[in-house]
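Reading the structure
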Number of protein chains: 2
Amino acid sequence: MGDTPGTIGTGLGGEPTLEEQIAAYQREFQDLDPQVEKIVSALSRLNRRMNVAYGRQTADLGISNAEWEVLKALVLSGAPYRLGPSDLAKRLGLTPAAMTHRIDRMVAEGLVTRERDESNRVRVIVELTPEGREKWLQAMRMATVFEGDLLQDLTADERTSLGEVLTRLLRRVEHAQPDAGGRLSDLD
Amino acid sequence: MGDTPGTIGTGLGGEPTLEEQIAAYQREFQDLDPQVEKIVSALSRLNRRMNVAYGRQTADLGISNAEWEVLKALVLSGAPYRLGPSDLAKRLGLTPAAMTHRIDRMVAEGLVTRERDESNRVRVIVELTPEGREKWLQAMRMATVFEGDLLQDLTADERTSLGEVLTRLLRRVEHAQPDAGGRLSDLD
DNA sequence: ATCTCGAACTTTAGCTTTGAAGTCTTCGGT
DNA sequence: ACCGAAGACTTCAAAGCTAAAGTTCGAGAT
């Protein structure tokens, strides 16, 4: 097994390199277009590595990646940084039940407050606290440094082109998927 | 509960569009480079949507996305499609405990077999069954159709360029992360 | 006014994963 | 040979999620 270059040097444990993996796919599945597979596999791996990086950064701040997602959603909603649990759940791709629990924890940690809407007493309002906003800001600063570093070697043209192509692919996927209520993890 | 009410229209529920999101980020965080954010957000979203698509396909086959990952790892290891639990766990980015449970289920479903290594009685060998290989093949066929469709609108040059740029980014991330034994979900 | 349907959130039960402790086998030092 | 340490897997307890049932409140129909 362990054959050649940097088999395990960096990267994850016994994981084959991208090149090894594509070669293996070609052996096992002739119909495969190596160019397509290269793009798809690189996309997937890149995303995983980035999530690990984000996870480390947020962990250093004493919050989880899951909590950072909530903070992001609240900040993105704009001042006064309030959203209902069901709205949050939709944005994050969670079930309402999971949202309830996550908010429980974040209230206990002082990142958000939860109160009933007086005009609409069925509703609940989750609001960012100053501490929560500060955590978001710190995470954001670390993230932008990381992201800038990641794209450092790309020329201006390459960045423009990459953004445009990815957006085009995204549109295609979203258009092709009317979404039958699928639940999935969010993390923009 | 019916499957219709405005719960979810196109894309995810109350999720803002990519453009809205970037505009919101710029309002809340001046230091943000919109071009970088566009790339990063598109990458993240694209990956999510693709995982949903894979999840639907594998669900149609009666297996979970998690199980498909195990099948992929075994096939990629080459004939005779055998790996130990700890090796599998490393490739999938799972803890050994999770691997044990996942193998339990897959053995029960007839996708793999588990037996002790006679020459090394501490070790266990997980081997793909013909049924497991057939499931992998079916999933693979569906995946390649989807992937080909996704990249349909890209020219040959764009595909080459995209693959090259993504590979470059991946190398950068892997080089920058000596990997402190991080656990994360795999899904190439 | 009251009733009933429906919406928003919470609670409950079950599943998957993690982290830590436990079991069994192999290997190396004495 | 014997004993201890290390490795490979499993077991156990707890965290976090989903699906489904339960609760509470509001709006329109009777």
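Just so we're clear, the structure is a prediction, and the values are computed from it rather than from any experiment.

This model, assessed by the stated rule, comprises six aromatic pairs over all chains. Relative to F29 of chain B, the ring of W136 of chain A has its centre 6.0 Å away and its plane inclined at 85 degrees; by these criteria the two rings are edge-to-face. With one member in each of two chains, W136 of chain A in helix α6 (residues 130–150) and F29 of chain B in the loop between α1 (18–28) and α2 (34–60) form a pair that bridges those chains. With respect to class, W136 of chain A is no different from F29 of chain B; both count as buried.

A separate point is the sheet that holds strand β1 (residues 82–83) of chain A. Residue and element names in this part refer to chain A. Spatially, the three strands line up as an open sheet ordered β1-β3-β2, and their pairing is antiparallel. Strands at the two margins of the open sheet, each flanked by one partner only, are β1 and β2 (112–116). By the bridge criterion, two bridges tie β1 to strand β3 (residues 124–128) in an arrangement that is antiparallel. Across the sheet, the residue bridging to L83 is V126, located in β3. Across the sheet, helix α5 (residues 96–108) lies against β2 and β3, angled at about 120 degrees from β2, the strand it touches most.

Looking now at the interface of chain A and chain B. Interfaces are often sized by the amount of accessible area the parts lose when they come together. At the junction of the two partners, chain A supplies 86 residues and chain B supplies 86 residues. Here chain A and chain B share an interface that buries about 8,400 Å² over both sides, 63% of which is from carbon and sulfur atoms. Residue D149 of chain A pairs with R172 of chain B through a salt bridge whose shortest N-O separation is 3.2 Å. For the interface between chain A and chain B, the tally reads 16 residue pairs in polar contact (both at pLDDT 80 or more). For the side of chain A that touches chain B, the secondary-structure elements that each account for two or more residues are α1 (18–28), α2 (34–60), α3 (65–76), α4 (85–92), α6 and α7 (156–176) of chain A. A total of 20 residues in the side of chain A that touches chain B trace back to one element, the largest contributor, which is α2 of chain A. Residues that form the side of chain A that touches chain B fall into these classes: 40 nonpolar, 19 polar and 27 charged.

Rules used throughout
- Every residue gets a number counted from 1 within its own chain, in the order that chain's sequence is written.
- To label them, take the chains in the order written and letter them from A, then take the ligands in the order written and number them from 1.
- Selection of residues for local features in this predicted model requires a pLDDT of at least 70, selection of side-chain atom pairs for listing and counting requires 80 or more, and totals for whole chains, interfaces and linings are taken over all residues.
- Derived side-chain values reflect all non-hydrogen atoms in the structure, with water molecules and hydrogen atoms excluded from consideration.
- Any Phe, Tyr or Trp ring, taking Trp's six-membered ring, that has another such ring centre within 6.5 Å forms a pair; planes under 30 degrees apart are called stacked, those over 60 apart edge-to-face, and the others tilted.
- Here a strand is any run of E in DSSP of at least two residues, a helix any run of H or I of at least four, and the numbering for each starts at the N terminus.
- Burial classes follow relative accessibility: with a 1.4 Å probe on protein chains only, a residue under 20% of its type's maximum area counts as buried, one over 50% as exposed, and anything between as partly exposed.
- Two strands qualify as a pair provided that DSSP identifies no fewer than 2 bridges between them.
- In what follows, a contact means two residues having at least one pair of non-hydrogen atoms within 4.5 Å.
- To obtain an axis, a line is fitted to C-alpha atoms, over the contacting stretch when the element is a helix, and the angle between two such axes runs from 0 to 180 degrees between their N-to-C directions.
- The term buried area denotes the loss of accessible surface (1.4 Å probe radius) that occurs when two parts are joined, taken as the sum for both partners.
- When a carboxyl oxygen of Asp or Glu lies within 4 Å of a side-chain nitrogen of Lys or Arg, that pair is called a salt bridge.
- Polar contacts, as used here, are pairs of N or O atoms within 3.5 Å; protein pairs need one atom able to donate a hydrogen and one able to accept it. Residues neighboring in sequence count only if both atoms are side-chain atoms.
- Residue polarity follows a fixed list, in which Ala, Val, Leu, Ile, Met, Phe, Trp, Tyr, Cys and Pro are nonpolar, Asp, Glu, Lys and Arg are charged, and the others, Gly among them, are polar.

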